[in-house]
Amino acid sequence: HGVPRDAGKARELLKTAELLGDPYAKWNAEMLEIDERQRAGDCGGALSRQQELTARTKAEETEKLGKTDYQTAFNTDREVRLSIMCKDFENAQRMAKEAIEQLSAEHAPHIQLAHALMFANKPDEAKAIYQAHRGEQVPGKDAIDWERGVADDFALFRANGLHHPLMEEVEKDFGISEQ
C-alpha cells in the first residue's frame, strides 16, 4: 500500500513477461489499463473495458473448460467493485447475483451484492446479507473475517467519496470503528 505506483514500469515488466510466455501477462496488462483509467477519473471507460474483459474471459473459460473458473470470478468481482465505484448500482447487483449463482461457495459476491444493495438504497436487504455471514471466514490467499472484509471495503468506499449511513450501523453492529 505504501509503495508508489509506476504504471510505465509495470507495463514494461508485463511486456517482458508476455515475451517470456507468461500466459497471464496480457490479462494483467489489461487490468493495469483499467485501473489507470479509473485513477484518471474515466470511470465510464474503465467500467466499459472491465465489462469487455469479463465477457471475454467468461467466453474463453467456458469454451476451454466447459464452465467458468477463477479468471471469470476474479473479473466479475472487479466489475462489481468498479460498478459500485462508478455508481452503476444496477449493474453491480446484476453481476453480483450472477456471480453468486456461479460461485455459491464464494463470499466475495455476497459482500459485493450487499454493498450494491446498500448504495442502491435497499438497506434492509443489504443489512440482511451483512448479518447472515457474520463470523465467517472469507476464503482466499489472505483469508480474513467477514467483518474485516466488509470494514476494509467501507474504508475503500470512503476513500473514493462513497458513503451511506448503513456503513456506520454495520460497523457498530460488528464492533468495528470507522476506518
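Residues numbered from 1 in each chain as written. Predicted model: local features only at pLDDT ≥ 70, side-chain atom pairs only at ≥ 80, totals over all residues. Heavy atoms only, no water.

All right, on to the overall build of the protein chain then. In terms of helices and strands, the protein chain carries nine helices and two strands. Its helices and strands taken in sequence order, the protein chain reads α-α-α-α-α-α-α-β-β-α-α from the N to the C terminus. What you see for the protein chain is a C-alpha radius of gyration of 17 Å, in line with the 16 Å of a compact globule of 179 residues. Taking the principal axes of the C-alpha coordinates as reference, the protein chain spans close to 50 × 40 × 30 Å. Across the 179 residues that make up the protein chain, the buried fraction comes to 40%. Counted over contacts in the protein chain with a minimum sequence separation of 6, partners at least 24 positions apart contribute 53%. Total accessible area on the protein chain stands at roughly 10,100 Å², and carbon and sulfur atoms take up 52% of it. Side chains of the protein chain give 24 positive and 34 negative charges; the mean places of these two sets differ by 3 Å. (Helix = DSSP H or I, 4+ residues; strand = E, 2+ residues; numbered from the N terminus. Rg over C-alpha atoms; globule rule 2.2 N^0.38 Å. Buried < 20%, exposed > 50% of the residue type's maximum accessible area, 1.4 Å probe, protein only. Contact = heavy atoms within 4.5 Å. Areas by Shrake-Rupley, 256 points an atom, 1.4 Å probe, with all protein chains shown as cover. Lys, Arg positive; Asp, Glu negative; His and termini not counted. Charge placed at Lys NZ, Arg CZ, Asp CG, Glu CD.)

In this section: the confidence of the model for the protein chain. Parts of the model with low pLDDT should not have their predicted coordinates read in detail. Per-chain confidence: the protein chain averages 87 in pLDDT, with 92% of residues scoring 70 or above. The least confident element of the protein chain is helix 1 (residues 7-19), whose mean pLDDT is 77; the most confident is helix 7 (residues 123-132), at 96. (pLDDT = per-residue confidence, 0-100.)

Counted under the stated rule, the structure contains five aromatic pairs. Measuring from centroid to centroid gives 5.4 Å for W27 and F74, while their planes differ by 65°, and the two rings are edge-to-face. Taken together, the positions of W27 in helix 2 (residues 25-39) and F74 in helix 4 (residues 70-85) put the pair 47 residues apart, joining distant regions of the chain. By relative accessible area, which is 10% here, W27 ends up buried. Summarising the aromatic geometry, the rings of Y70 and F74 are spaced 5.9 Å apart at their centres and angled 35° between planes, so their arrangement reads as tilted. On the criterion of helical spacing, the pair formed by Y70 and F74 is a turn pair, its members being four residues apart in helix 4. Every member of this aromatic cluster is reached through a ring pair, and the members are W27, Y70 and F74. (Phe/Tyr/Trp six-rings, centres within 6.5 Å; stacked < 30°, edge-to-face > 60°.)

Looking now at the nonpolar core. Core analysis: the largest hydrophobic core is formed by 30 residues, its most contacted members being I84 and Y130. Take this core: its biggest share by element is seven residues, from helix 6 (residues 108-119). (Core = buried A, V, L, I, M, F, W, Y, C linked by side-chain atoms within 4.5 Å.)

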